[in-house]
Amino acid sequence: MKIKTALAATLFALSTGAWAFHCPADMKKIDEAMSKNPQLTAEQMEQVKNWRAEGETLHKAGKHQESVDTLAKAMKVLGM
């Protein structure tokens, strides 16, 4: 039983690290897409900017899954 618990804890720790590296990649993709002046309404542009900023804040706070989810919203609006 101890081995299973240790294995589960190790896998969780590794997966958290994987999400940590995913956030910056998503932020970079959003930044690149925004630099190409996408055809978005003013409201969509504002949403994307807000989600991008929120995603970075969540990433820095160690809330990587929430960051990935928030950045995904921005990427969806951008058609990514």
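Residues numbered from 1 in each chain as written. Predicted model: local features only at pLDDT ≥ 70, side-chain atom pairs only at ≥ 80, totals over all residues. Heavy atoms only, no water.

What follows deals with the nonpolar core. One finds Cys23, Met27, Ile30, Ala33, Met34, Val48, Trp51, Val68, Leu71, Ala74, Met75 and Leu78 forming the largest nonpolar core, which totals 12 residues. Taken together, the elements giving at least two residues each to this core come down to helix H1 (2-35), helix H2 (42-60) and helix H3 (64-77). Sort the elements by how many residues they give to this core and H1 lands first, with 5 residues. The residues contacting methionine 34, other than those within four sequence positions of it, are Met45, Val48, Lys49 and Leu78. (Core = buried A, V, L, I, M, F, W, Y, C linked by side-chain atoms within 4.5 Å. Buried < 20%, exposed > 50% of the residue type's maximum accessible area, 1.4 Å probe, protein only. Helix = DSSP H or I, 4+ residues; strand = E, 2+ residues; numbered from the N terminus. Contact = heavy atoms within 4.5 Å.)

What follows is about unusual backbone geometry. Despite not being glycine, asparagine 37 shows a phi value in the positive range, around 50 degrees. Relative to the elements of secondary structure, asparagine 37 occurs in the loop between H1 and H2.

Before going further, it helps to spend a moment on the pattern of salt bridges. One pass over the full model with this rule turns up 3 salt bridges. Put simply, arginine 52 and glutamate 56 hold a salt bridge, and the shortest N to O gap is 2.7 Å. Here arginine 52 and its partner glutamate 56 are both found in helix H2, 4 residues apart, which amounts to about one turn of the helix. Of the residues examined, arginine 52 reaches a relative accessible area of 16% and is grouped as buried. Here lysine 60 and glutamate 56 are joined by a salt bridge, their closest N and O atoms 3.3 Å apart. Separated by 4 residues within a single helix, lysine 60 and glutamate 56 lie in helix H2, roughly one turn from each other. We classify lysine 60 as exposed; its relative accessible area is 64%. Given the relative accessible area of 27%, glutamate 56 is considered partly exposed. Connected through shared salt-bridge partners, Asp31, Arg52, Glu56 and Lys60 make up one network. (Salt bridge = Lys/Arg side-chain N within 4 Å of Asp/Glu carboxyl O.)

In this section: H3. For an α-helix, the turn length of 3.6 residues means that residues three or four places apart are oriented alike. Taking 1.5 Å as the rise per residue, H3 with 14 residues should run 20 Å; its terminal C-alpha atoms sit 20 Å apart, in good agreement. Within the span of H3, buried status applies to His64, Ser67, Val68, Thr70, Leu71, Ala74 and Met75. One or two positions beyond H3, positive phi appears at glycine 79, with a value near 80 degrees. (Expected span 1.5 Å × (residues − 1).)

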